[in-house]
Amino acid sequence: MISTTESPWVRRTLIGLALAFMALFLVLPLAAVFAEALRKGWDAYWAALQEPDAWSAIRLTLITAAIAVPMNLVFGVAAAWAIAKYEFRGKAFLTTLVDLPFSVSPVVAGLVYVLMFGAQGWFGPWLAAHDIKIVFAVPGIILATVFVTFPFIARELIPLMQAQGNDEEQAAIVLGATGWQTFWYVTLPNIKWGLLYGVILCNARAMGEFGAVSVVSGHIRGQTNTMPLHVEVLYNEYQSVAAFAVASLLALLALVTLLVKSVAEWRHEREVRAAAELPPERPHAPAAPSFPLPSKAAP
Amino acid sequence: MRRVLPGFNLTLGYTLLYLSLIVLIPLSALVFKTFTLSWEQFWAAVASPRVLASYRLTFGAALVAALVNLVFGLLVAWVLVRYSFPGKKIVDALVDLPFALPTAVAGIALTALLAGNGWVGQIFEPYGIQLAFNRTGVVIALIFIGLPFVVRTVQPVLEDTEKELEEAAMCLGATRLQTFGRVILPAILPALLTGFALAFARGIGEYGSVIFIAGNMPMVSEITPLIIIGKLEQYDYAGATAVAVVLLLFSFVLLLVINALQAWQRRRAGGVA
C-alpha cells in the first residue's frame, strides 16, 4: 500500500525528539524562573515584589508600554493601509525599511538615541540649555522602546490586508461611506484578530526590552530602571530570589501573551472557515490560503 | 489609475514621517558620527584584537546556533504539521515563547539551569563539561532565541505542500527518505533558508539573553554588542559608533539576503499554485 506518512516507530521517534528538544530548550528555562523565584518560599517571593524599587520599575515599564504601543499601533495601521491598499513606486523598498528595526541590534538602537540626544549628541547642547533630559531619563527609554517594537503591528497587518484585497472597501465607498466609516465598519472587523495579535506581541516586547533600554536608561535605581533592568541589577547583586521574583512577573506576561495569541489565531481560523462555507454569492470573504504564509514568515 | 479608496496621501505621508523620525534620522546620526573619525581611528576601533575576537565569537556562535535551529526547527515544524499527538496545540503555542519572554529573563533562567549547580549543569559538571560562562553558553542562549524563526517560516510552507506530489513520488517507487530529499526539501528550501537567515541575524544582534550566561571574558566570551556597551561606559562614543556601524552594515546585508530569499519563496509558491 502506498502511504505518504512514515512508519509508526519513525513517527514516534521524530515526535519524541521534537518534544525533548522543546522541553529542554523552552519548558525547562520557563520552569526554572518560577522554581528559582519560589526557592525560599512564598513569603520571600511576596517580600521581593513589595520592594519600592520593584514597584517603581513596574510602574515605569507600564508607562513605557502605554505610550510606545499606541504610537506603533497608529503607525502600523497607517503603514498597512498605505502599503496593502495601493500600488506605488518604491513599495518594496518601503516595506524593507519598515522591517529594518528587526535586524538592528538593540544595543545599536539605544546608541543612536544617545548620539542624537546625549550630552555630546546633535541636540545635546540645545537640550541642556533648555533643561530637558531625554537620554538617561524616561523619554529616552520610551524612544528606544518605540524603535525596537516599531515593525510589530505593521508586519502583522500588511500581509493580512493584502490577502483581503480592496473589494469590500471599494464597495463601501461606492455605496457612499466616508473613508473613516469604511475603515471603521469594513476594514477593522476584518483585521481585528491580526491587530490584536500584533498589539500583544508589540506589548510583550515593549515591556521586556533590555538591550536598547539598557543603553539609554542610565540605570538610576527607582527612577530609570524598567523591570528587565531591575532584574539585572538584583541578579548582579546576588539577590537571586528577588531577581527571579520580578522575572516571574515578566514570564507570566509572556504566558498570557502566548495564550491571547493562540486564542486570536483559533478565532481567526474559525472565522475564515465559516466564511469559506458561505454560499458562492460572497466569493470575496476573507481569503484563507494566503494569510498564514506571509504573516508568519516574518515575526 | 484612479484610486477609489481615500487616505493614500494621509497614510503614506504619516508612514514616511514617522519612519524618518523614529528610524531613519537616528540611524543616519550613527553614520554621520562615523564620518567624524579618520580612517586610521575607525580602523583602530573596529579591528583591534579584542574587537576581532568578539566578531569571531558573535558570528561563529550565531552561525552554530542557527544551524542547530535549522535542523531542530525543521523537525519541530514537521512534527507539528504532519503528525497529531496529545497537547499539540500547547506545543505549537510554546514555540513562540522566545518571542514573548523578555531576553533578560531568558538569560538568567538559562544561566540558573546550566551553571554548575543548576538542574542541567550538575549532570555535566562531574564530567568536567561546563555549559555556562563560556562560548557553549552563548550558543545555547542563541539557540533559544532563534528557534521560533525557523519553525514559523517553515510551518506554513510545509502546510501548503501538495500531498499529490509525494504520492506520485511513492507510486514511481521512491522511498520515504528519497521523497523527502527530492520532493519535499526542494519545496521548503527557500523558507528553510529564510528562517536560518532570520535566526542568524537575530543571533548577531542579541544582547540580553547572552550577557548573563557568557561570562564576558575579553578575547574569549565577549560578544560584539557588549564591546559597544563597554566603549560607551568609557565615554568612547566614536569607538562605540564605529563598531556599531560594522554591525549595522552586516544587518543591512542580511536584510537584503532575507528579502531575496522571501522573493524566491514567493516565486516558488506562485509557480506551484
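What you see is a predicted model; the values in this text were computed from it and never measured. (Residues numbered from 1 in each chain as written. Chains lettered and ligands numbered in written order. Predicted model: local features only at pLDDT ≥ 70, side-chain atom pairs only at ≥ 80, totals over all residues. Heavy atoms only, no water.)

S.K.: Which parts of the structure should I look at to understand the overall build of chain A?
M.R.: Of the regular secondary structure elements, chain A holds 14 helices and zero strands. Listing each helix as α and each strand as β along chain A from the N terminus yields α-α-α-α-α-α-α-α-α-α-α-α-α-α. Here the C-alpha coordinates of chain A stretch approximately 65 × 60 × 30 Å along the principal axes. Burial status across chain A gives 57% buried among its 299 residues. Considering only residue pairs separated by 6 or more positions, chain A has 73% of its internal contacts joining residues 24 or more positions apart. Here chain A displays about 13200 Å² of accessible surface, and carbon together with sulfur accounts for 67% of that area. (Helix = DSSP H or I, 4+ residues; strand = E, 2+ residues; numbered from the N terminus. Buried < 20%, exposed > 50% of the residue type's maximum accessible area, 1.4 Å probe, protein only. Contact = heavy atoms within 4.5 Å. Areas by Shrake-Rupley, 256 points an atom, 1.4 Å probe, with all protein chains shown as cover.)

S.K.: I'm lost on the interface of chain B and chain A in this one. Help?
M.R.: Interfaces are frequently sized by the accessible area removed from exposure as the parts join. Between chain B and chain A, the residue contacts involve 95 residues of the former and 95 residues of the latter. Of all residues in chain B, the largest losses of buried area upon contact with chain A belong to Leu5, Tyr18 and Tyr83 of chain B, amounting jointly to 8% of the total for that side. Summed over the shared surface of chain B and chain A, the number is one salt bridge. Measuring nitrogen to oxygen at the nearest pair gives 2.3 Å for the salt bridge that ties Lys261 of chain A to Asp96 of chain B. Seen at the junction of chain B and chain A, the total is eleven residue pairs in polar contact (both at pLDDT 80 or more). With 19 residues, helix 1 (residues 8–35) of chain B is the largest single contributor of residues to the side of chain B that touches chain A. Residues belonging to the side of chain B that touches chain A are distributed by class as follows: 68 nonpolar, 16 polar and eleven charged. (Buried area = accessible area lost by both parts, 1.4 Å probe. Salt bridge = Lys/Arg side-chain N within 4 Å of Asp/Glu carboxyl O. Polar contact = N/O pair within 3.5 Å; in protein donor to acceptor, adjacent residues only side chain to side chain. Nonpolar A, V, L, I, M, F, W, Y, C, P; charged D, E, K, R; others polar.)

S.K.: Please clarify how the nonpolar core should be interpreted in this entry.
M.R.: One recurring pattern in soluble globular proteins: nonpolar side chains tend to sit buried together. Ranked by size, the top nonpolar core spans 194 residues in total, and within it Phe147 of chain A together with Leu30, Leu101 and Ile228 of chain B carry the most contacts. In terms of residue count, helix 3 (residues 49–82) of chain B provides more of this core than any other element does, 16 residues in total. Excluding residues that lie within four positions of it along the chain, Leu101 of chain B makes contacts with Leu30, Ala251 and Ala254 of chain A together with Ala106 and Phe144 of chain B. (Core = buried A, V, L, I, M, F, W, Y, C linked by side-chain atoms within 4.5 Å.)

S.K.: Would you mind showing me how to read the environment of Gly116 of chain B here?
M.R.: Residues and elements named next belong to chain B. Summarising the element assignment, Gly116 is placed in the loop between helix 6 (103–114) and helix 7 (121–124). Judged by relative accessible area, Gly116 falls into the partly exposed class, the value being 34%. Expressed as a C-alpha distance, the spacing of Gly116 and Leu189, which sit 73 residues apart in the sequence, is 39 Å. Excluding its chain neighbours within four sequence positions, the residues that come into contact with Gly116 are Gly121, Gln122 and Glu125.

S.K.: Looking at this structure, I do not really get the confidence of the model for chain A. What am I missing?
M.R.: In regions of low pLDDT, the predicted coordinates are not meant to be interpreted in detail. When pLDDT is averaged across chain A, the result is 88; 91% of the residues are at 70 or more. Across chain A, helix 7 (residues 138–148) of chain A holds the top mean pLDDT of 96, while helix 14 (residues 292–297) of chain A sits lowest at 39. (pLDDT = per-residue confidence, 0-100.)

S.K.: Just checking my understanding: could you explain a nonpolar patch on the surface for this structure?
M.R.: On the surface, Trp122 and Phe123 of chain A together with Leu17, Leu21, Ile25, Val31, Phe32 and Phe35 of chain B cluster together into a nonpolar patch covering about 810 Å² of accessible area. Inspection of the secondary structure puts Ile25 of chain B in helix 1. (Patch = residues over 30% accessible without salt bridge, like charges linked within 9 Å, V, L, I, M, F, W, Y side chains within 5 Å.)

S.K.: Please clarify how the packing of aromatic side chains should be interpreted in this entry.
M.R.: Each pair of aromatic rings is reported with the distance of its centres and the angle of its planes. This structure, assessed with the given rule, holds 29 aromatic pairs over all chains. Consider the rings of Tyr45 of chain A and Trp46 of chain A, whose centres lie 5.7 Å apart with planes at 70 degrees: the pair is edge-to-face. The exposure class assigned to Trp46 of chain A is partly exposed, which follows from its relative accessible area of 45%. Aromatic side chains Tyr235 of chain A and Phe244 of chain A sit 6.4 Å apart centroid to centroid with 75 degrees between the ring planes, which places their arrangement in the edge-to-face category. Relative accessible area serves as the criterion here: at 1%, Phe244 of chain A is assigned to the buried category. Put simply, the rings of Phe210, Tyr235 and Phe244 of chain A together with Tyr207 and Phe212 of chain B touch in pairs and so form one group of aromatic residues. Its end group placed over the ring of Trp81 of chain A, Lys85 of chain A keeps NZ or CZ at 5.8 Å from the ring centre. (Phe/Tyr/Trp six-rings, centres within 6.5 Å; stacked < 30°, edge-to-face > 60°. Lys NZ or Arg CZ within 6 Å of the ring centre and 35° of its normal.)

S.K.: What am I meant to see in the packing of helix 3 (residues 52–85) of chain A against helix 8 (residues 152–164) of chain A here?
M.R.: Any two packed helices are characterised by the angle at which their axes cross and by the distance between the axes. Residue and element names in this part refer to chain A. Interhelical geometry of helix 3 versus helix 8 gives an angle of 30 degrees and a closest axis separation of 8 Å. Here helix 8 runs roughly parallel to helix 3, going by the angle between their axes. Judged by the twist between their axes, the crossing of helix 3 over helix 8 is right-handed. Contacts from Val69, Asn72, Leu73, Phe75, Gly76, Val77, Ala79, Ala80, Trp81, Ile83, Ala84 and Lys85 in helix 3 reach Ile153, Ala154, Leu157, Ile158, Met161 and Gln162 in helix 8. Grouping the constituent residues of the contact of helix 3 with helix 8 by class yields 14 nonpolar, three polar and one charged. (Axes fitted to C-alpha atoms, helices over the stretch in contact; angles between N-to-C directions. Parallel < 35°, antiparallel > 145°, perpendicular 65-115°, else oblique. Left-handed = near helix turned anticlockwise from the far one by under 90°.)

S.K.: I tried to follow the pattern of salt bridges on my own but got confused; where do I start?
M.R.: Pairing between side chains of opposite charge can happen when the charged atoms of each approach one another. Residues and elements named next belong to chain B. This structure, assessed with the given rule, holds 14 salt bridges over all chains. For the salt bridge of Glu166 with Arg82, the shortest nitrogen-to-oxygen distance reads 2.8 Å. Of the two residues, Glu166 sits in helix 9 (residues 163–171) while Arg82 sits in helix 3, which places them 84 residues apart along the sequence. For Asp96, the salt bridge identified is with Arg152, shortest N-O distance 3.1 Å. Within this pair, whereas Asp96 is found in the loop between helix 4 (88–94) and helix 5 (97–100), its partner Arg152 is found in helix 8 (residues 135–160), the two being separated by 56 residues in sequence. One exposure class covers both Asp96 and Arg152, and it is buried.

S.K.: Looking at this model, I keep getting lost on the confidence of the model for chain B. Mind explaining?
M.R.: Predicted confidence across chain B gives a mean pLDDT of 91, with 97% of residues reaching 70 or more. Note on the complex model: pTM 0.90, ipTM 0.90.

S.K.: Explain helix 12 (residues 224–233) of chain B to me, please; I cannot follow it from the model alone.
M.R.: Each α-helix turn comprises 3.6 residues. Residues three or four places apart therefore point the same way. Buried residues dominate helix 12 of chain B, accounting for eight of its ten residues. Where helix 12 of chain B is concerned, the buried positions are Thr224, Pro225, Leu226, Ile227, Ile228, Ile229, Lys231 and Leu232 of chain B.

S.K.: Explain unusual backbone geometry to me, please; I cannot follow it from the model alone.
M.R.: Backbone phi values are negative for most residues with the exception of glycine, while trans is the configuration of most peptide bonds. In this structure, Asp131 of chain A takes a positive phi of about 60 degrees despite not being glycine. Summarising the element assignment, Asp131 of chain A is placed in the loop between helix 6 (124–129) and helix 7. Residue Asp131 of chain A is classed as exposed on the basis of its relative accessible area, which comes to 72%. Phi is positive for Asn216 of chain B, close to 55 degrees, though the residue is something other than glycine. For Asn216 of chain B, the location among the structural elements is in the loop between helix 11 (208–214) and helix 12.

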